[in-house]
Structure formats: C-alpha cells, structure tokens
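# Inside the fold
Listed here are the chains, written in short residue letters.
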Amino acid sequence: MQYIGRFAPSPSGPLHFGSLVTALGSYLQAKANFGKWLVRIEDIDPPRQVKGAASLILKTLEAFELYWDDQVLYQSNCSERYRAVLQSLITQQKAYYCDCTRQRIHNLSNGIYDGFCRERHLASTSQQQCAIRLKQSQPVFSFDDKIRGQQTIDSANALEDFIIHRKDGLFAYNLVVVLDDNYQGITEIVRGADLLPVTAKQISLYRLFNFTIPNYCHLPLALDSHGNKLSKQNHASPIDSKKANLLTAQALQFLGQQLPESWQDASQTQLLAWAITHWQINQVPKQNQVLTTDIR
C-alpha cells in the first residue's frame, strides 16, 4: 500500500516555526517512504480564521519548496459529507443531542462529561441549540506512537461521550479530521504533540466507522523561553520565506536530524533532497524543546 501523509494547517494566521517543524517532518517522512504528501486546509472554524491566511500558507510552503501532491482539500467544501455522517450516527442512535452547559461539565468532579443527556431524548424544537455527542462504544485505552511509544489513556477520558458537532453549529475537529484522513487515504499521521490527548478519541471513531487506522507520529513542540508552545494564539512570529535555507536547517536540527557539512552553500532544493535521503524518524526527540536559534 502506498504511503500517504499530510499537513493540515488551520488558516488562523501565517505559518510560524512550530508549523514549519510539522510541515517539514510530515513531508520528509512521506518522501523518505516514497509516498505522497498532501495538504489540507482545515477551515471549519470561521471565527478563528484570518482573511488571506490560507493562500499565504500555501505560498509559504512553495517558498520552502515543500510541494504537495494532488489538489488541496478545503474542509469548508465538505459540509455535505460531514452532515450526512452526523445524520447517520443520529439515526442509528450512535450519537445524541446534548444541551449541557460548559459550567455544568466544569462543575463535575473530573470535568469529564457524565453522559447526562444520553437517554434524555430532547425535543426536536430544542435540538438546534444543542451539541451532538458520540455515544462512546469503542473506547481506546492505549495506542502506539512511532516517536513517543505506548500511550495510556485514563479510563474516564477513554469512555467519555465527546462532542462531534458544536452548539454553535460548527463541526467538531475530532470528527472531521477522521473523516478527511480516511477520505484522503492517509496511512500515517505526522503532527504536533499538542494533539496527543485527542488521538485516542479519533482512533475510537476509526473503529466505529470500521476505517483502517493510520500510524501516528507526534513531533515535539517548539516552546518559547517561558515554556509555552509556539502558536498563532501566543502570537508566534511568522516564518520569513526569504530565510528558507536557514529556517529549514534549524527545523532539521530541532527534529534531531544531521545537517550536511556545507549546508549554508546548498540550495533549498539540495538541502531538502539531502534531508529526504538522510531522514531518521527514530532520531526525532521524544520531548518538547525550547527553541534555540543556534545551529551546531
């Protein structure tokens, strides 16, 4: 079976160094396995989107010569497909409407949803103001990560009926990421370690839908000097496309990869070709790291 990987940014701002690490790591793992590398724009949360960010992200990837295979998939074009799945789950009583407030759930002893609305059968008139929760029937208590090894999930978390459609009418990330990764035939997911906590929930959906479960590789997060994850929400600086060679070298070192001795003299094309040939996923650090600009 052909390897198919992906990079799936949300257009909530320009790419920062942490995004570059994810893009580069997923690209190199795909190309080192003679596979395809796809790009998906996860634009299902309009309130968080920044106008023009999607096209800027694609231009930045091109500037770094991280060229994708096949067409870019925009989640905003997939609502019908998502809605059909939601309706099917409701019809089969594998999901249900929930009108619980965040405050009610916050007040629970562990902050994990207790299934309060599972058997309530809310009237159709109130369903439009409700979230939709999955009736958890395929709990995942552990899974293997290619970088971080065996991951164990506490039982309350594994058994939680989690949200698959939000009260505000937006599709939940955990549902659509599984639907799209299966739709695009993704065989391995290489992404940031910030998504480790929701991976078990996503695997439970793969089981429910009887989809083939991909491999998972969670890359270390780039942290600032205060130990915070570099992110758009934390106002991380956009990467400078004019410094593609330098930033690629920094990202490679961050991912535990060796650099060619004369990397400064290499073109971006040459540096990426070298990186593909010498890519070693078992050298990727298992822990998040504070970002330093020194290249050794």
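Across the sheet, three strands lie side by side as β1-β2-β3; this open sheet has parallel pairing. A single partner strand is all that each edge strand has here, and the edge strands are β1 (4–7) and β3 (73–74). Of the strand pairs in this sheet, strand β2 (residues 36–41) and β3 are connected by two bridges, and their pairing is parallel. Following the sheet pairing, R40 is matched in β3 by L73. Along the sheet face, helix α1 (residues 17–32) touches β1 and β2 and points at about 145° away from the line of β2.

Counting residues in each nonpolar core, the largest one holds 43 residues, and the members touching the most others are F17, L20, W37, L61 and L66. Of all the secondary structure elements, the ones that give two or more residues to this core are α1, β2, α2 (53–63), β10 (215–219), α8 (244–254) and α9 (268–278). At eight residues, the largest contribution of residues to this core is made by α1. Those residues within four positions of F17 in sequence are excluded, and the remaining contacts are A222, L230, S237, I239, L247, Q250, A251, F254 and L291.

Moving on to the pairing of β2. Where burial is concerned, most of β2 is hidden: five out of the six residues are buried. For β1 and β2, the ladder comprises four bridges, and the chain directions are parallel. Directly across from G5, in β2, lies its bridge partner W37. Regarding the hand of the β-α-β motif, the stretch spanning β1, α1 and β2 is right-handed. In terms of handedness, the path from β2 via α2 over to β3 forms a crossover that is right-handed.

Right, let's get into the pattern of salt bridges. The full count for this structure, using the stated rule, is 13 salt bridges. Between R40 and E42 there is a salt bridge, with its nearest N and O atoms 3.1 Å apart. Exposure class is identical for R40 and E42. Each is buried. A salt bridge links D45 to R166; its shortest N-O distance comes to 3.5 Å. Pair noted here: D45 is in the loop between β2 and α2 and R166 is in the loop between β8 (163–165) and α6 (173–183), with a separation of 121 residues, a long-range link. D45 gets classed as buried once you look at its relative accessible area, which sits at 14%. The class for R166 is partly exposed, based on a relative accessible area of 28%.

Let's shift gears to α8. The buried fraction of α8 is high, at ten of eleven residues. The set of residues buried in α8 consists of A244, N245, L247, T248, A249, Q250, A251, L252, Q253 and F254. On the buried face of α8, the contacting elements are α1, α2, β11 (222–223), α9 and β12 (289–290). G256 sits one or two residues past α8 and shows a positive phi near 80°.

Parameters at a glance
Residues numbered from 1 in each chain as written. Predicted model: local features only at pLDDT ≥ 70, side-chain atom pairs only at ≥ 80, totals over all residues. Heavy atoms only, no water. Pairing = 2+ DSSP bridges. Helix = DSSP H or I, 4+ residues; strand = E, 2+ residues; numbered from the N terminus. Contact = heavy atoms within 4.5 Å. Axes fitted to C-alpha atoms, helices over the stretch in contact; angles between N-to-C directions. Core = buried A, V, L, I, M, F, W, Y, C linked by side-chain atoms within 4.5 Å. Buried < 20%, exposed > 50% of the residue type's maximum accessible area, 1.4 Å probe, protein only. Right-handed = clockwise from strand over helix to strand, strands pointing away. Salt bridge = Lys/Arg side-chain N within 4 Å of Asp/Glu carboxyl O.

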